[in-house]
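Structural description and commentary
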Amino acid sequence: MNATPNGAVLSAAGIHKRFGALVVLDDIDFAMGAEEAVGIVGPNGAGKTTLLSVLSGAYPPSAGTIAFKGDDVTALPATQRCRLGLVRTHQVPKPFGGMTVFENVFVAASHGAGLGRDEAYEEALGSLKLCGMLSIANRRAETLGLLDRKRLELARALAAKPTLLLLDEIGGGLTDGEAGELVETIRELRRRRIGIVWIEHIVHVLLQVAERLICMDAGKIIADGEPQAVMADPQVISAYLGGGPK
Amino acid sequence: MNTASLVIERGTPASRSAGIGVLTIILLLAIAPQFLSAGAVDRMTALFIYVILAAMWNALAGFGGLVSVGQQVFFGLGAYFAIRLANAGLNPFVSLFVSAVIVGAVSWPISLFMLRLRNGEFAIGMWVIAALTHLLVNLDRLIQGETGTSLISLNVYDASTRRLTIYWLALASMTALLAILFSLLRGSTGAAIRAIRDNEDAAASVGVRVTGTKRQLFVLAAFGIGVAGALWLATAITFQPKTYFNVQWTAYMIFMVLVGGIGTFEGAILGALLFFLIETWFGGTGVWYLIGLGAAALAFSLLLPRGLWGTLEERFGWRLLSVGYRVRLPASAADPTGEAISPAPTAAHSEKA
């Protein structure tokens, strides 16, 4: 079902994450190929965001190993993983509030992508344009509303020139029109051969992009594969309608 | 990519003339002693030291988010190492700067554990470091505990040579430190520093080396404040540990930065000037002076939380020594200082790459 370990750009084996007595991730095995687009769904508290945080290096797993582009990155902090091309966005946006929209994105281009000044300008402007934020490039990020903050998360992550982008609910609260624009943006990223992992509750939006779907519940992957098959899986239905796999 | 036609602006016409203005002021200050009384020269030296202190604390707290109430540790060490070096036979003027380099070197190991602390813990932790260092310096026999000692070797120079040399050294130090700080904050490291201030986790997630960048700033601020402490010793001659390791120095830094405008390069300089004027006019009124300072700080933090310069910048779009970036957008090309560019979509480019 998973991509073969040899062809995998990102693979995680035996991932556990505990916060005290609370087990949030319970033996996750996950692998994906370069340029793949994987959607992750699951009820609240399933451990989706925690999985993303562990993959991106925001915090270390309690057990297990993570490999990116063939190297073990389990011990590498987020800064280094970003520089290798593994970049995430945040579910609750974390803008640099005292800086302008452009400056937010410029930081990622010059430090995450490691670009020199002029190339970083170009990359930052390109990301803003792709996310439709050029017209508000000079606004202080703290003045942005939630939707623009989410867009900024995406633009900033893009400016770091990811080979694999981990998206955490960037589509929440969008109107149909806005969701359509977002899908177009993500499709453009796929044309640029960027791999995508996308956590989203709005499944019909997710399915326009994802070619593979993972469903998580209670810290485990309960289904993984072709999106329609996953959505029809009895375990997935039961996870959403209550009862749970236990 | 069709964004190539967009221009990133680092300054405004006002900021370019401000650069010329700054140069002119520094040149005028360099020849000013010819026209000033001895007392005025001493006061101006104090002003330069205040500017250094304010600029350094502002860089640390306003740009880097590292609020410390223990920066007097580097002020005191700057003076202490200068005493030690001069006592070992080094020329007293040379000692001042070698001392600051040592302060910078000492701040590096301190940063190893202090930068693991965040926010309030860091602020108070620095105060603890300062108190501890004060006690350690007291143990040095040369210092004779709280009795203190003097930079005796300066006495080989006659009073006016001494006064003028210290004045120029202070002016040169201030100019050089402000220039170093400005170029650091204006470069890509400066953008990383501000990003860390605003959100450390997010900064790490987009590839910013958080701890290394903080350390760079911390060591630079320690060095700058070390220079200030050594210069203060040169003007005062006497060294009593409790005067130099007094938390009042950090309180003054905080006052200058809050009143001037935290997080703006111009604000710290303006705040130092205001503090200097207040001290010059009211410094003789004893306890009322301190009460006035406290009341002013309180009023500013309640009524003008962005300080004088921050408020002016916000209201009028003034930017003289700006470290920021502006995208000159086609729709607003006529108004490059426009703060609030309309968020309405402005069909910037129609052609596709």
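As the structure is a computational prediction, the values presented were derived from the model and not from experiment. (Residues numbered from 1 in each chain as written. Chains lettered and ligands numbered in written order. Predicted model: local features only at pLDDT ≥ 70, side-chain atom pairs only at ≥ 80, totals over all residues.)

So, the overall build of chain B
Summing up its helical and strand segments, chain B has 14 helices and four strands in all. In terms of overall size, chain B behaves like a compact globule, its C-alpha atoms giving a radius of gyration of 22 Å where 353 residues would be expected to give roughly 20 Å. Its C-alpha atoms give chain B principal-axis dimensions of roughly 75 × 50 × 40 Å. Sequence-distant contacts, at least 24 apart, represent 77% of the contacts inside chain B between residues at least 6 apart. (Helix = DSSP H or I, 4+ residues; strand = E, 2+ residues; numbered from the N terminus. Rg over C-alpha atoms; globule rule 2.2 N^0.38 Å. Contact = placed C-beta atoms within 7 Å.)

Regarding the domain arrangement of chain A
Residue and element names in this part refer to chain A. Examined at the domain level, chain A breaks down into domain 1 (1–85 + 164–178 + 195–246) and domain 2 (95–161). Centre-to-centre, using C-alpha coordinates, domain 1 lies 25 Å away from domain 2. If you look at the interface, domain 1 gives five residues, while domain 2 gives nine residues. Residue composition of the side of domain 1 that touches domain 2, by class: three nonpolar, one polar and one charged. (Domains from an automatic or database assignment. Nonpolar A, V, L, I, M, F, W, Y, C, P; charged D, E, K, R; others polar.)

Here's the deal with the sheet that holds strand β10 (residues 220–225) of chain A
Residue and element names in this part refer to chain A. Here six strands make up an open sheet; going across it, the order is β6-β7-β8-β3-β9-β10 and the pairing mixed. Strands at the two margins of the open sheet, each flanked by one partner only, are β6 (86–88) and β10. Adjacent strand axes in the sheet meet at a mean angle of 15° when their direction is disregarded. Pairing between β6 and strand β7 (residues 164–168): three bridges, direction parallel. Note that in β7 the partner of arginine 88 across the bridge is leucine 166. (Pairing = 2+ DSSP bridges. Axes fitted to C-alpha atoms, helices over the stretch in contact; angles between N-to-C directions.)

Points about the environment of glycine 187 of chain B
With respect to the element layout, glycine 187 of chain B can be found in the loop between α6 (159–186) and α7 (188–198). Exposure remark for glycine 187 of chain B: the 14 C-beta atoms within 10 Å place this residue in the partly exposed category. (Buried ≥ 20, exposed ≤ 12 C-beta atoms within 10 Å, placed from the backbone.)

Observations regarding the interface of chain B and chain A
With 33 residues of chain B at the contact, the number on the chain A side is 36 residues. When contributions to the side of chain B that touches chain A are tallied by element, the ones reaching two or more residues are α7, α8 (200–205) and β4 (326–328) of chain B. Sort the elements by how many residues they give to the side of chain B that touches chain A and α7 of chain B lands first, with seven residues. When its residues are assigned to classes, the side of chain B that touches chain A shows 19 nonpolar, eight polar and six charged.

With respect to helix α5 (residues 146–159) of chain A
Residue and element names in this part refer to chain A. Its 14 residues give α5 an end-to-end C-alpha distance of 20 Å, which sits within 8% of 20 Å, the value for a rise of 1.5 Å per residue. Burial analysis of α5 places eleven of its 14 residues in the buried class, which makes it a mostly covered element. Of the residues making up α5, those classed as buried are Asp148, Lys150, Arg151, Leu152, Glu153, Leu154, Ala155, Arg156, Ala157, Leu158 and Ala159. Residues of α5 that are buried in the fold lie against β6, α3 (101–112), α4 (117–130) and β7. Following α5 by one or two positions, lysine 161 adopts a phi angle in the positive range, close to 55°. (Expected span 1.5 Å × (residues − 1).)

A few points about helix α4 (residues 92–114) of chain B
The terminal C-alpha atoms of α4 of chain B, which comprises 23 residues, lie 32 Å apart, in line with the 33 Å expected from a rise of 1.5 Å per residue. Residues of α4 of chain B that are buried sit in contact with α3 (72–87), α5 (119–138), α6 and α9 (210–236) of chain B.

Side note on the pairing of strand β2 (residues 22–33) of chain A
All names here are of chain A. Relative to β2, strand β1 (residues 8–19) runs antiparallel, the two sharing eight bridges. Within β2, the position partnered with lysine 17 by the bridge is leucine 25. Hairpin remark: β1 followed by β2, antiparallel, with two residues in the connecting loop; positive phi at glycine 20, about 65°.

Observations concerning the packing of helix α11 (residues 248–260) of chain B against helix α13 (residues 287–303) of chain B
All names here are of chain B. The interhelical angle for the contact between α11 and α13, taken along N-to-C directions, is 40°, at an axis separation of 9 Å. One way to sum up the angle between α11 and α13 is to call them oblique. Regarding α11 and α13, the two cross each other, and that crossing is left-handed. Side by side, α11 and α13 meet where Phe255, Leu258 and Val259 of the first sit next to Leu293, Ala296, Ala297, Phe300 and Ser301 of the second. (Parallel < 35°, antiparallel > 145°, perpendicular 65-115°, else oblique. Left-handed = near helix turned anticlockwise from the far one by under 90°.)

Some words on unusual backbone geometry
Residues and elements named next belong to chain A. The phi torsion at glutamate 35 lies on the positive side, around 70°, for a residue other than glycine. Summarising the element assignment, glutamate 35 is placed in the loop between β2 and β3 (37–41). Judged by the 14 C-beta atoms lying within 10 Å of it, glutamate 35 falls in the partly exposed class. The backbone of alanine 218 sits at a positive phi, close to 50°, despite the residue not being glycine. Along the chain, alanine 218 falls in the loop between β9 (212–217) and β10. The partly exposed category is assigned to alanine 218, around which 18 C-beta atoms lie within 10 Å.

With respect to the sheet that holds strand β4 (residues 63–68) of chain A
Sheets are built from strands that pair by backbone hydrogen bonding, the pairs being arranged parallel or antiparallel. All names here are of chain A. Ordered by their spatial adjacency, four strands build an open sheet running β2-β1-β4-β5, and the pairing between neighbours is antiparallel. Looking at strand neighbours, the two that pair on one side only are β2 and β5 (71–72), the edges of this open sheet. Pairing of β1 with β4, which is carried by five bridges, proceeds in the antiparallel orientation. Residue leucine 10 lies in a different strand from β4, and its bridge partner there is phenylalanine 68.

Some points on the confidence of the model for chain B
Residue and element names in this part refer to chain B. Per-residue pLDDT for chain B has a mean of 89; in total, 93% of the residues score no lower than 70. Long-range and interchain partners of residues 332–353, a stretch whose pLDDT sits below 50, account for 30 contacts in this model, where long-range means more than four residues apart. Confidence metrics for the complex model read pTM 0.89 and ipTM 0.91. (pLDDT = per-residue confidence, 0-100.)

A few points about the packing of α6 of chain B against α9 of chain B
Residue and element names in this part refer to chain B. The N-to-C vectors of α6 and α9 enclose an angle of 170°; their axes lie 11 Å apart at closest approach. Between α6 and α9, the interaxial angle falls into the category roughly antiparallel. Here α6 contributes Ile166, Leu169, Ala170, Ser173, Leu177 and Leu184 to the contact with α9, which in turn contributes Leu220, Gly224, Val227, Leu231, Ala234 and Thr235. When grouped by side-chain class, the residues that make up the contact of α6 with α9 number nine nonpolar, three polar and no charged.

Considerations on the confidence of the model for chain A
Chain-level statistics for chain A give a pLDDT mean of 91 and a share of 96% at 70 or above. pLDDT under 50 marks residues 1–5 of chain A. Its contacts with residues more than four places away, or in other chains, come to ten contacts.

Observations regarding the nonpolar core
If you look at the biggest cluster of nonpolar residues, it comprises 181 residues, and the most contacted ones within it are Leu128 of chain A together with Ile52, Leu53, Ala54, Ala55 and Met256 of chain B. Here this core gets 15 residues from one element, more than from any other, and that element is helix α2 (residues 38–63) of chain B. A domain-level breakdown of this core finds at least three residues from each of domain 1 (1–85 + 164–178 + 195–246) and domain 2 (95–161) of chain A. (Core = buried A, V, L, I, M, F, W, Y, C linked by C-beta atoms within 7 Å.)

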